[in-house]
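Report on the structure
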Amino acid sequence: MMRFILPFIVFVALSGFLYVGLHLDPHEVPSPLIGKAAPPFNLPQLHDPAKNFSPEQMKGKVWLLNVWASWCVSCKEEHPILVQLAGKHIVPIYGLDYKDKSADAQATLNGGGDPYTLTVSDADGRIGIDYGVYGVPETYVIDKQGIIQYKQIGPITHQNLSEKILPLVAELEKRS
Amino acid sequence: MKQTATLSADLRSFISGFLILRNLCNLRTKVFASLSISLLCLIPLFAHAGEAKDLAADPVLEKRMIALAENLRCLVCQNESLASSHAELAEDLRREVREQLSKGKSDKEIIEYLVARYGDFVLYNPPMKSYTILLWFGPFALLLAAAGLLLFQLRKRRQSIPEVALSAEAQERATLLLNNDKENLA
């Protein structure tokens, strides 16, 4: 009897591993920045390069930092969702325009609506490296103390917004 | 009748000669065309060489950068090293490594810099940590388990085969055969 049961158990275990493996995305690399302070920067604003923006200014607020670019295809996918979210005034969204031309970025925002409270330009991608960006779009949820609490790799969808991001934002809002 | 036959044979050899000559000419044009195409293909190579020279302003530094980047993983095309990847992020990270090297940072400091941003995933050589124990020792554990299982099975098999006691008759036959063999050999 053991002769049949043992291989069967091994087979079931292996199938289980393979099944779980099917749903894992090897492109999602867990960020070591979660639970750490958002790296500081001081970058010119897209619409007004004379003015700068720094995450320091967001102390005491829960906010989203969305890394995007006009050349990025999946950013176009999430753009209407961001515009919708911005309309609800639940959480301010700040844009980090990653390795982009200012004119192209402005044209994108003029065409599809601007969900961002403001956007900063990271033209050479150095701040992107500090944030561990390896593929746009990426979105960081940053709490009142300036700690990164969550990183969404890939576009924001209705699903991950309602299941992960918004509940987390609500919880972080409650904390002092 | 005979004359016409030789005539047609002559005609045939003439035609075949013509065909060979034409093929030769064709071959020549082909060779010429392929030569010129390959020469054309070389042009961008030279153009590129000019660019690369600019990047490798300091060959010693460049060598160190490549040696370091070969052991780091590109995050965009995950099975390529940072040294060989053509992804834009890899180019930026190589630039970063180059700059930090020229500032006099050690290899260890640069690796720490990258790990702080991208995690252990950038390392092709995973560090020994509580959650990598299975990765480091799993294969040896499997080997040990397999060896144990094999030993256990072998022992069980030895026990399950009963030793057959020979009858007196069979014993006698066996000695006779063995002795015969010895004599034959002698």
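My aim in this report is to walk through the structure given alongside it, one point at a time.

Calculation rules
Within every chain, residues take consecutive numbers counted from 1 along the sequence as written. Note on labels: chains are lettered from A, ligands numbered from 1, in written order. pLDDT decides what is reported in this predicted model: residues at 70 or higher carry local features, side-chain atom pairs at 80 or more are listed and counted, and totals for whole chains, interfaces and linings draw on all residues regardless. The helix count covers DSSP runs of H or I at least four residues long, the strand count covers runs of E at least two residues long, and both are numbered beginning at the N terminus. Neighbour density around each residue's C-beta defines its exposure: 20 or more other C-beta atoms within 10 Å make it buried, 12 or fewer make it exposed, and counts between make it partly exposed, where C-beta atoms are placed from the backbone. For the purpose of contact definition, each residue receives a C-beta atom placed from its backbone, and two residues are in contact when these atoms lie within 7 Å. Pairs of strands are assigned from DSSP output, requiring at least two bridges between the strands. Throughout, an axis means a line fitted to C-alpha atoms (over the contacting stretch in the case of helices), and angles, computed between N-to-C directions, take values from 0 to 180 degrees. Lys, Arg, Asp and Glu make up the charged group, whereas Ala, Val, Leu, Ile, Met, Phe, Trp, Tyr, Cys and Pro make up the nonpolar group; the residues left over, Gly among them, are polar. Remark: nonpolar core denotes a set of buried Ala, Val, Leu, Ile, Met, Phe, Trp, Tyr and Cys residues whose joining runs through C-beta atoms within 7 Å. We call two directions roughly parallel when the angle between them is under 35 degrees, roughly antiparallel when it is over 145, roughly perpendicular when it lies between 65 and 115, and oblique otherwise. Crossing chirality is assigned from the near helix's rotation relative to the far helix, an anticlockwise turn below a right angle marking it left-handed and a clockwise turn marking it right-handed.

Let's talk about the overall build of chain B
From N to C terminus, chain B includes six helices and zero strands. Element order for chain B, N to C, with α for helix and β for strand: α-α-α-α-α-α. Residues classed as buried in chain B amount to 12% of the 186 residues present. Looking at chain B alone, contacts between residues at least 24 apart form 38% of all its contacts between residues at least 6 apart.

Structural notes on the sheet that holds strand β3 (residues 63-68) of chain A
All names here are of chain A. Spatially, β5-β4-β3-β6-β7 is the arrangement adopted by the five strands of the open sheet, whose pairing is mixed. Each edge of the open sheet is held by one strand with a lone partner, namely β5 (118-122) and β7 (148-153). Here the strands of the sheet are splayed against their neighbours by 20 degrees on average, with no regard to which way each runs. Sheet topology places β3 next to strand β6 (residues 138-142); five bridges connect them, and they run antiparallel. Of the residues in β6, the one forming a bridge with L65 is Y140.

Comments concerning the interface of chain B and chain A
Of the residues lining the interface, twelve residues belong to chain B; the matching set on chain A comes to eleven residues. The set of elements that each furnish at least two residues to the side of chain B that touches chain A consists of α3 (88-102) and α4 (107-118) of chain B. Examining the composition of the side of chain B that touches chain A, we find that four residues originate from one element, α3(B), more than from any other. Partitioned by chemical class, the residues of the side of chain B that touches chain A number seven nonpolar, two polar and three charged.

What to know about the nonpolar core
Membership of the largest hydrophobic core comes to 54 residues, with the highest contact counts inside it found for V136(A) and Y140(A). In contact with V136(A), not counting residues within four places along its chain, are V67(A), W68(A), A69(A), C72(A), C75(A) and Y98(A).

Looking at the packing of helix α2 (residues 59-69) of chain B against α3(B)
All names here are of chain B. For the pair α2 and α3, the least separation of the axes is 10 Å and the interaxial angle reads 125 degrees. When the axes of α2 and α3 are compared, the pair comes out oblique. Crossing of α2 against α3: the hand is right-handed. On α3, the residues that touch L61, R64, M65, L68 and A69 of α2 are R94, V97, R98, L101 and S102.

Some details on unusual backbone geometry
Negative phi values dominate among residues other than glycine, just as trans dominates among peptide bonds. All names here are of chain A. V136 connects to P137 through a cis peptide bond whose omega is -5 degrees. Along the polypeptide, P137 turns up in the loop between α4 (126-130) and β6. For H89, which is not glycine, the phi dihedral falls at a positive 55 degrees. Along the chain, H89 falls in the loop between α2 (73-88) and β4 (93-98). The exposed category is assigned to H89, around which 7 C-beta atoms lie within 10 Å. Of note in this structure, K99 is not a glycine but carries a positive phi near 45 degrees. As for its placement among the helices and strands, K99 is situated in the loop between β4 and α3 (102-112). Under the C-beta neighbour-count criterion, K99 is labelled buried, with 20 such atoms within 10 Å.

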